[in-house]
Amino acid sequence: MATERTDHERRLAALRERASAELATSATTEALEEWRARYLGRERGELTAILKDLGKLPGDQRKQVGQTANRLKADLEQALEARRAALLTRERAEALERERLDITLPGRAWPRGHIHPLSRTVRDIVRVMRPMGFQLYDGPEVETDYYNFQALNIPADHPARDMQDTFWIAPGQILLRTQTSPMQIHVMERMRPPVRAVVLGKVYRNEALDASHEAIFHQMEGLLIDEHCTMSDLRGVVERFAREMFGEDRKVRFRPSYFPFTEPSAEFDIDCLICKGAGCRVCKYSGWLEMGGSGMVDPRVLRGVGYDPTIYRGFAFGLGIERIAMLRYGGDDIRLFASNDLRFLRQLG
Ligand code: DAH
């Protein structure tokens, strides 16, 4: 009897030792679960089996062995919980270590973009024209021969057509606008005088490309129609524009010229920004930079849109936006604006 009891006690003691040792080397959640099933599991737990068999023992042993086995069960469960908690603490510590964030490290700066020099020029032009009462208008890049040429007093056989090599969509009828001037007609058709309009947009010319010629470029168009309007108003607006864009000390000069839709017509220049008129490579040693064309709107154009030229007069002017951007930001090749070459864009930005 005593021997049998000691046998059970010895078996339980050995189990305690083995289970404790295995628990100490179980280092993952899965290993712990496996350990629990092995000793305490309801189906195949070793200790569970012993507890189940208690009933087969004679009464006096049952109590004694039962007590020892139950104590062991409680101890093992407690040890498992302790081990689980320790493991969790370690895993958390490891995770924190893995994700360690050194907040004393200097930040990584993200490269900052900037507005394209052409867009910036467009914005600035609007900012200059708006306070003078000019409204911004937008119109089609695909035009009819009528708006791009005829309504601007450029009939089919007019030599002025040779000045602008046209991309035709339907030859003689539909084209990519070669200038923003057709917007003068659209605006006047839509509005009654007084009119103060500014137009900024793409134009297209079938040209041999070089550092100062692009097939696609941008123009600005200004138009003012009112009852009392003279060439000195044109001068005033163009001078204000040039000084806002290029500096208060700019001088503006008008030269007689010819455009079919203005009479009289004039081209205007500003004194060279680089050499202040002394003569340099940029102004080709003339001291002046060509800016654009202008003039008093031809009465035939006014009549064409239904304005009475005996009542209304007006002026128009137009210029290339790339050229303005090149003068303001530097850069000597118009093709670079559409090249997406970041070295160029950063240099101007
Ligand atoms: N449209 C002309 C061109 O592309 C420029 C121009 C000249 C516009 C005279 C005007 C103007 O408004 O009055 O060459």
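This is a predicted model, so every value here is computed, not measured.

Let's talk about unusual backbone geometry
1) Next: Looking along the chain, the bond that leaves Pro193 and enters Pro194 is cis, with omega of 0 degrees.
2) Next: Of note, Pro194 is situated in the loop between helix H7 (182–190) and strand E5 (195–204).
3) Next: The step from Glu263 to Pro264 runs through a cis peptide bond, and the omega angle for that step is 0 degrees.
4) Next: Of note, Pro264 is situated in strand E8 (residues 262–271).
5) Next: Although it is not a glycine, Lys276 adopts a positive phi angle of roughly 55 degrees.
6) Next: Checked against the element boundaries, Lys276 lands in the loop between E8 and strand E9 (288–297).
7) Next: What makes Lys276 exposed here is its relative accessible area of 53%.
8) Next: Residue Asn340 is not a glycine yet carries a positive backbone phi of 60 degrees.
9) Next: Locating Asn340 in the fold gives a position in the loop between helix H10 (321–329) and helix H11 (342–348).

Quick word on the site of the ligand
1) Next: With respect to spatial proximity, 16 residues lie near the ligand, and among them Gln179, Ser181, Arg205, Gln219 and Glu221 are the closest.
2) Next: At a separation of 2.8 Å, an oxygen atom of the ligand approaches a polar side-chain atom of Arg205.
3) Next: Contact distances for the ligand include 3.1 Å between an oxygen atom and a backbone N or O atom of Ala316.
4) Next: Relative to its unbound accessible surface of 350 Å², the ligand loses 91% to contact with the protein.
5) Next: Only strand E6 (216–226), E9 and strand E10 (313–320) provide two or more residues apiece to the shell around the ligand.

Observations concerning the pairing of strand E7 (residues 252–259)
1) Next: Pairing of E7 with E8, which is carried by seven bridges, proceeds in the antiparallel orientation. What sits directly across from Phe254, in E8, is Phe268.
2) Next: Hairpin connection from E7 to E8: two residues lie between these consecutive antiparallel strands.

Cut-offs applied
- Residues numbered from 1 in each chain as written.
- Predicted model: local features only at pLDDT ≥ 70, side-chain atom pairs only at ≥ 80, totals over all residues.
- Heavy atoms only, no water.
- Helix = DSSP H or I, 4+ residues; strand = E, 2+ residues; numbered from the N terminus.
- Buried < 20%, exposed > 50% of the residue type's maximum accessible area, 1.4 Å probe, protein only.
- Near = heavy atom within 4 Å.
- Polar contact = N/O pair within 3.5 Å; in protein donor to acceptor, adjacent residues only side chain to side chain.
- Areas by Shrake-Rupley, 256 points an atom, 1.4 Å probe, with all protein chains shown as cover.
- Pairing = 2+ DSSP bridges.

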